[in-house]
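Single-letter residue listing:
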Amino acid sequence: MAFSPTCVDSILLNLEIFFAKMDVQELLDNNAEIDAFEQLLEIEDNLEVLKLELRLVRTFFICARILWSNPEPAEKIIDRLVRLGSFLFSHQDSVKKNAMESHSLSLRLEEDAFSLLSDAFKLVQDCQNNIYSFKQDFEKFYITLLGCLSQSSSAALRDHELMEFMDSLLENLVNILLQDDCYGDVQLLIHALQEKIKFLKSFIVFAIYRGVEERQLADVLAHSQVVAVNAAYLSCLCWFDKDEEEVHDKVKLKISDLLEGIKPIDPRAHEIYIQVLTAPGLSGSPPTLNLVTISSVLGDFVDSLLGNIWDLLHCGRSFMVSMKILYEGLRFLRTILKNQQVKFDELDEQMIDLIVVVVNEAGIIICSLFPNHIAKGMDLAVTEFLEKIKLVKADLAPIYPRTSIFSFPSTRELDFIDLLLENLKGLANNIVYSVSLTKDRVQEVEEDLEFLKSRFENVAKYYNQHEKPQVLWSSIMEVTIRAEFVIHSLRGGDLSDSCCIPFNTIAEDIKLIKAEVLEIDDQEQGFISKKAVKISSSVPSESGISKTNEVMVPLSDQIEIVTTLLVRGSKKLEIVSILGMPGLGKTTLAKKLYNDPSVRCHFHTFAWSTVSQVYNGKNLLLEILVCIVPTKMKEVDLVEELYKRLKRNRYLIILDDLWDGEAWTLMEKSFPDDANGSRILLTSRNHKVALNVGPTNKLHHLRSLTDEESWELLRKKVFHNEECPPALHELGVQIAKNCKGLPLIVIIIAGILATREPDGWEEVAQRLSSYTVLGTEECRDILELSYRNLPDYLQRCLLYFGAFKEDQEIPIWRLKYLWIAEGFVQETEMKSLEDVAEEYMIDLIDRSLVMVAKRRSLGKIKTCHIHDLLHEFCVLKAKEENFLRFLHGNDDSCIYNVSSNIHRLGIYSKLELFERSILFCPRLRCLLLSADGCRYPFQQPNISFVFHIFKLLRVLDLGQFNVGDCFPSEVELLVELRFLAIKGTMRSIPSSIANLSNLETFLLDSNDAALPDTILNMNKLRHLHTIAQHTRFSFEKVNLDSSSILHSLDTLSTAWISYGQGIEKIVRKFPNIRELKCELDYEELAASTENRGSIVDLSFLNRLESLNIIHDDYATICKIEYHFPLNLKKLTLSYFPCGTVSTLGKLPNLEVLNLSYGPHDWKIWEMKEGEFPKLKTLRMGALCTLRWIGCDDSLPL
């Protein structure tokens, strides 16, 4: 008997039809039938579980075919087969009966909906009861079937049946992964099993397409059949016995064993794969396949081969050059087969045959590179593969325009060569030489690069203005980038010919370039002495930060018009839209209206949300709610919560930078209309978006500036409150006029003029007059002018903004730490790296390229952002110069089309896209990953490839998604790391963190993570932070007596320190710290019956400028005396003990004092004469009734 899954499909289809046509609204409207509605909801919940279980049954029936069609069942299990036969028939009869009942139910939809509910509920329950009644038999069946297959040498299923079986199995695995209770190690193993089954399926389909004979496929079909049946068995265990711990451990072990048997590292699997791949195939494409199917077959197999490259990396293979060649070749083919299928139609049969040969050869090489299977001649095979890829590229040039294989980061070219020379020195001292690679050859390359660098060092900024030097410089950068990868592989121990031969080729290329430079040196003497643009060499100080970026665009009439639309007119809820081109001042006008007194006094509730192109619906609603309720929100229905908060209030909501109607749809139901004059103000570049928002939308098109207004804005930005010198007035008016009324252009040009000597204004006026500044392209020209006006170090810093999302407010400290980690900031004798980085930021602000978003209490900058248009420019320019790529989106094209030569990546995408992207970018220096959501609930991401491939990383930011409850141990492989941010639920940091000897910044988002002893051995560590509220470090595992001292530590927050550990003892480990935030635990002191007094001496921290101490509740009953350092400028105390405040007035440099939650017995605070001589800001909150007595001489500032 042939067991068919069609009866299962029939049940699924009929139930879908029934519930799709059920009139839910009728149930909702009929209050008398509320019980029926609740019953419907219960049925729908059970239905989702039933669908998963029915699909498991469907796979089971396909397996049953194997049992009854196997031609060679072993005699000793015949009796078991007969007993199982009755179970199979009985279960099939039950499913058939359910199928007929579901069909009958679907035919009765014309009847009353309420009368059908009980029958539907009964049917769902019957189906589930039938499935669970056979649960034990399922397990027996699979065990029996596996026993049959182990004694059979042939496959029971034909290829098309096996494909159906695998498709059904893959659906089961996806459904299991979607369940809330599938997480942790099991989840990762199931996901890996899913990928390996895809590999087997694509392997077989590819072999069939090649025309491999059936007899040569027998072994791989039998192997795949056993794997699939095992996976089906494990799927049932995962679902039906998921709550049993023993089964949980059994499943993990069995999946791990199964995975090892699929990989080419397994001897039998390797033999099977090589046998099929080396088997001769029929020439030409099978006539039954169209081009779309062919591209899909080839593309799926290419994806699987890319996955096997990852497995090679996990095996610790050192063939990095070979893998890079394979990776780049396969990625090129994938682009043709997956991302540009339309062009695939233009390929002739001969080219398709060549692609098939290349893919097949790649499969042979990859299988042969696994440990224990390395065949002779692999270097030659890789070379031949590369030649075929070049041939494919050459033949496809008319269809797929070729691009340079190597591009270079032009903003860091000389720095890049310096790094390469440093690595060459390390190579010369640390490798074992061979006949193919001699020490003399390495030293020759080093000397030649030194020569070339010295020739171009003074002209790197201007090389693009001269044709011959430009060509040579491009050649130098191309060959050095090739050299960098080979050198890294050699340092890693890969001394194969596939690595040594390319190095020798590179050495010859460098000699040829050197000869060309010497040949033209006499002819091109003039190009080095090109006159440079005059740029002010002085770096502005903090006190000199201009407030010009806060100058209001002079549009008073526009403010009046929009104010009228907001506070007058209909009582109904209305939407007011400010429309205009980028840089016209829409957001600036909205901010002015938001803070306008006449507007503030009209509305009761205010909120602001910046939407932009990349947004998250939940975050938008939270952003509005936080404005209304500035407290931490619990997990609630945000739409409903916002609606309640706005109900019966006259509110004004600003939705800034709306790009599409979808964002509005997500929020629309949250805004009640109480006919009280509430308004929503939105800004947008897109007229159609504003029109589609609602019928009550009032559109206001923001006008451009007049020539006079442009000049007024330019003058204020450049000269502040001073008058323009008469000699520059005419030029200034001309420049303002050429800005064509666009405020952004005026502001950018003002930034350029502010750094020019007076004789440089004419050059700006002449260059600006050649542009028609009307749209984005024209703005780009102006931005290009501003960009080229920056020194190299500021160009790099500005382009780094392209790694963040549009409209994102970025903390200054984060940017400073990133710039330092990247090596952009040069330390001076008198200033720290952090101080120099802050000066860079101030310079960019004064040039009107970066805008201040928030300031700190002392006037320092807290957060910053850049204009949308400038952000777009940074993204494009960074991509153009191969400096950085910013990727966002939720489709394959977002991630896959990335050059392997890229140095920095900022990724904002779904986590599963990043996981399956198989990015092979071994030169990557920086990865900022902000994955949006998970594929499955509670999923722990599988990102181990980051640590195995991106070994040159200096910056790794994984702080935007949860990596799980274990700190990833592979991090220790990234020995070049300077900046590490990570988020998880781990309770401790492993001692191996100290292997990151170059780490400067460590940011962690995890509650109460204990630091290891070894943290104090990280001599270069400068910043140790927790990056979320209510998170902290502890030093409970640190042996303070034997540990080292962190002399370089500059900032630390938040450290949890207990009195018993010795507060001073711990803090003395950081003698040069400038900013410290800590939570102090005085429970042990409070428990003491003899003495609750203590002196905490911090006066030895001579460099400490900012101190934030959060005490526990016990501190208020203790007598604690603090000795603070005299250099302290900012002090924050929470839950502080009695007597602490009395000594604060004597701190001579204290400028900011924040006090909250003081002792209950603190009733009077009397300031004495001469206290707080420099205090500028005093904040007090959550204090008991306090009488504050001052005198004439206290608080002189």
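Not measured: the values here are computed from a predicted model. (Residues numbered from 1 in each chain as written. Predicted model: local features only at pLDDT ≥ 70, side-chain atom pairs only at ≥ 80, totals over all residues. Heavy atoms only, no water.)

Trainee: Which residues make up the overall build of the protein chain, and what values do they have?
Mentor: Helix and strand counts for the protein chain stand at 41 helices and 27 strands. Burial analysis of the protein chain (1197 residues in total) assigns 54% to the buried set. Long-range contacts, defined as pairs at least 24 residues apart, comprise 69% of the intrachain contacts of the protein chain with a sequence gap of at least 6. Roughly 51900 Å² of accessible area belongs to the protein chain as shown, and the carbon and sulfur atoms make up 50% of that amount. (Helix = DSSP H or I, 4+ residues; strand = E, 2+ residues; numbered from the N terminus. Buried < 20%, exposed > 50% of the residue type's maximum accessible area, 1.4 Å probe, protein only. Contact = heavy atoms within 4.5 Å. Areas by Shrake-Rupley, 256 points an atom, 1.4 Å probe, with all protein chains shown as cover.)

Trainee: Provide a residue-level description of the environment of Asp-674, including the pertinent values.
Mentor: Considering the arrangement of structural elements, one finds Asp-674 in the loop between α26 (661–667) and β4 (679–684). Of the residues examined, Asp-674 reaches a relative accessible area of 24% and is grouped as partly exposed. Sequence separation between Asp-674 and Asn-649 is 25 residues, and the spatial gap between their C-alpha atoms is 8.0 Å. In this structure, Asp-674 is in contact with Leu-646, Lys-647, Arg-648 and Asn-649, ignoring residues within four places of it in sequence. At 2.8 Å, the side chain of Asp-674 forms a polar contact with the side chain of Lys-647. (Polar contact = N/O pair within 3.5 Å; in protein donor to acceptor, adjacent residues only side chain to side chain.)

Trainee: Would you mind going over the pairing of β4 in detail, with residue names and values included?
Mentor: On any regular strand, side chains alternate: one points to one face of the sheet, the next to the other face. Buried residues dominate β4, accounting for 6 of its 6 residues. Residues Arg-679, Leu-681 and Thr-683 point to one face of β4 and Ile-680, Leu-682 and Ser-684 to the other, with burial holding for every one of them. Pairing between strand β1 (residues 574–579) and β4: 6 bridges, direction parallel. Pairing of Leu-579 across the sheet is with Ser-684, part of β4. (Pairing = 2+ DSSP bridges.)

Trainee: How would you sum up unusual backbone geometry? Please name residues and give values.
Mentor: The residue after Ser-1053, namely Thr-1054, is reached through a cis peptide bond having omega -10 degrees. By secondary structure assignment, the location of Thr-1054 is in strand β18 (residues 1051–1058). Unlike most non-glycine residues, Asp-657 shows phi in positive territory, near 65 degrees. Topologically, Asp-657 is positioned in the loop between β3 (651–656) and α26. With phi around 50 degrees, Phe-1172 is a residue other than glycine that occupies positive phi space. For Phe-1172, the location among the structural elements is in the loop between β25 (1164–1166) and β26 (1177–1181). The buried category is assigned to Phe-1172, whose relative accessible area is 1%.

Trainee: Please give an account of the sheet that holds strand β8 (residues 861–865) that cites residues and values.
Mentor: With antiparallel pairing, the 3 strands of this open sheet are ordered in space as β6-β8-β7. Each edge of the sheet is formed by a strand with only one pairing partner; in this case those strands are β6 (810–811) and β7 (851–855). Relative to β8, β7 runs antiparallel, the two being bridged by 4 bridges. Looking at the pairing, Met-851 lines up with His-865 of β8.

Trainee: Any details on helix α9 (residues 214–240)? Residues and values, ideally.
Mentor: The terminal C-alpha atoms of α9 lie 37 Å apart, and with 27 residues this matches the ideal 39 Å at 1.5 Å per residue to within 8%. Val-220 marks the point of greatest bend in α9, at about 30 degrees. Where burial is concerned, most of α9 is hidden: 21 out of the 27 residues are buried. (Expected span 1.5 Å × (residues − 1). Bend = angle between axes of the 7 residues up to and from the residue.)

Trainee: Just give me the short version of the pattern of salt bridges, but keep the residues and values in it.
Mentor: Think of it this way: side chains of opposite charge can pair up when their charged atoms draw near. The full count for this structure, using the stated rule, is 31 salt bridges. We note a salt bridge from Glu-838 to Lys-816, for which the minimum N-O separation is 3.1 Å. With Glu-838 in helix α35 (residues 833–846) and Lys-816 in helix α34 (residues 812–822), the pair connects residues that are 22 residues apart, well separated along the chain. The two residues Glu-838 and Lys-816 agree in class, both being buried. Shared partners join several salt bridges into a network, and the residues in it are Asp-219, Arg-268 and Glu-271. (Salt bridge = Lys/Arg side-chain N within 4 Å of Asp/Glu carboxyl O.)

Trainee: Give a description of the packing of helix α33 (residues 792–799) against α35 that names residues and reports values.
Mentor: Geometrically, a packed helix pair is captured by the angle between its two axes and the distance between the axes. Where α33 meets α35, the axes come as close as 10 Å, and the angle between the chain directions of the two elements is 80 degrees. On the basis of their axis angle, the class for α33 and α35 is roughly perpendicular. In this structure, α33 contributes Tyr-793, Leu-794, Cys-797 and Leu-798 to the contact, and α35 contributes Tyr-840, Asp-843 and Leu-844. (Axes fitted to C-alpha atoms, helices over the stretch in contact; angles between N-to-C directions. Parallel < 35°, antiparallel > 145°, perpendicular 65-115°, else oblique.)

Trainee: Go over the environment of Ser-1042 with me, naming the residues and quoting the values.
Mentor: The residue Ser-1042 is located in the loop between β17 (1033–1034) and β18 in this model. The exposure class assigned to Ser-1042 is exposed, which follows from its relative accessible area of 58%. Separated by 29 residues in the primary sequence, Ser-1042 and Asp-1013 have C-alpha atoms spaced 9.1 Å apart.

Trainee: Give a description of the pairing of strand β13 (residues 979–983) that names residues and reports values.
Mentor: Most of β13 sits out of view: 4 of its 5 residues are buried. Pairing of β13 with strand β14 (residues 1001–1005) involves 5 bridges; the strand directions are parallel. When the sheet's bridge partners are listed, Leu-980 is paired in β14 with Phe-1002.

Trainee: Lay out the packing of helix α15 (residues 349–368) against helix α16 (residues 378–395) with the relevant residues and their values.
Mentor: Running from N to C, α15 and α16 point in directions that differ by 155 degrees, and their axes come no closer than 10 Å. Here α16 runs roughly antiparallel to α15, going by the angle between their axes. Crossing angle aside, the handedness with which α15 passes α16 is left-handed. Facing α15, whose interface residues are Met-351, Leu-354, Ile-355, Val-357, Val-358, Glu-361, Ala-362, Ile-365 and Ser-368, α16 presents Met-378, Ala-381, Val-382, Phe-385, Lys-388, Ile-389, Leu-391, Val-392 and Asp-395. (Left-handed = near helix turned anticlockwise from the far one by under 90°.)

Trainee: Tell me about the side chain of Thr-683, and name the residues and values.
Mentor: Inspection of the secondary structure assignment puts Thr-683 in strand β4. The buried category is assigned to Thr-683, whose relative accessible area is 1%. The residues touching Thr-683, leaving out its near neighbours within four places in the chain, are Ile-578, Lys-586, Thr-587, Ala-590, Leu-655, Asp-656, Asp-657 and Leu-658.

Trainee: Mind laying out the sheet that holds β4, listing which residues take part and the relevant values?
Mentor: Strand order across the open sheet formed by 5 strands is β2-β3-β4-β1-β5, with parallel pairing between neighbours. The open sheet terminates on both sides in strands that have one partner only, identified here as β2 (605–610) and β5 (697–701). Averaged over all adjacent pairs, the angle separating strand axes in this sheet is 15 degrees, with direction ignored. The pairing of β2 with β3 spans 6 bridges and is parallel. Looking at β3, one finds that Ser-609 is bridged to Leu-655.

Trainee: Account for a positive patch on the surface, naming residues and giving values.
Mentor: A cluster of basic residues, Arg-856, Lys-860, Lys-862, Lys-1129 and Lys-1174, forms a positive patch at the surface. Looking at where Lys-1174 falls in the secondary structure, it is placed in the loop between β25 and β26. (Patch = residues over 30% accessible without salt bridge, like charges linked within 9 Å, V, L, I, M, F, W, Y side chains within 5 Å. Lys, Arg positive; Asp, Glu negative; His and termini not counted. Charge placed at Lys NZ, Arg CZ, Asp CG, Glu CD.)

Trainee: Now, about a negative patch on the surface: what can you tell me, with residues and values included?
Mentor: Taken together, the side chains of Glu-244, Glu-245, Glu-246 and Asp-249 present a region of like negative charge at the surface. Its location among the elements puts Glu-246 in helix α10 (residues 245–262). Note on Glu-246: relative accessible area 70%, which makes it exposed.

Trainee: Can you break down helix α28 (residues 707–719) residue by residue, with the values?
Mentor: Side chains of residues three or four places apart in an α-helix project in the same direction, reflecting 3.6 residues per turn. With 13 residues, α28 ought to run about 18 Å at 1.5 Å a step, and its terminal C-alpha atoms sit 18 Å apart, in line with that. Three or more residues of α28 are buried, namely Glu-709, Ser-710, Trp-711, Leu-713, Leu-714, Lys-717, Val-718 and Phe-719. Positioned one or two residues after α28, His-720 has a phi angle of 60 degrees, which is positive.

Trainee: Break down the packing of aromatic side chains for me, citing the residues and quoting the values.
Mentor: Tallied over the entire structure, the rule returns 21 aromatic pairs. Consider the rings of Phe-206 and Phe-301, whose centres lie 4.5 Å apart with planes at 15 degrees: the pair is stacked. One end of the pair, Phe-206, is in helix α8 (residues 184–210); the other, Phe-301, is in helix α12 (residues 291–314), with 95 residues separating them in the sequence. Using a relative accessible area of 0% as the deciding quantity, one classes Phe-301 as buried. Seen in terms of ring centroids, Trp-813 and Tyr-817 are 5.6 Å apart; in terms of plane orientation they differ by 55 degrees. Their pairing is tilted. (Phe/Tyr/Trp six-rings, centres within 6.5 Å; stacked < 30°, edge-to-face > 60°.)

Trainee: Go over the confidence of the model for the protein chain with me, naming the residues and quoting the values.
Mentor: Scored by pLDDT, the protein chain has a mean of 76; 74% of the residues are at 70 or more. When the criterion is pLDDT under 50, residues 402–411 qualifies, and its contacts beyond four places in sequence or with other chains add up to 36 contacts. (pLDDT = per-residue confidence, 0-100.)

Trainee: Go over the environment of Gly-732 with me, naming the residues and quoting the values.
Mentor: For Gly-732, the location among the structural elements is in helix α29 (residues 726–738). Exposure remark for Gly-732: the relative accessible area of 0% places this residue in the buried category. A C-alpha to C-alpha distance of 7.8 Å links Gly-732 and Arg-715, two positions 17 residues apart in sequence. Residues contacting Gly-732, with those up to four places away along its chain left out, are Trp-711, Leu-714 and Trp-761.

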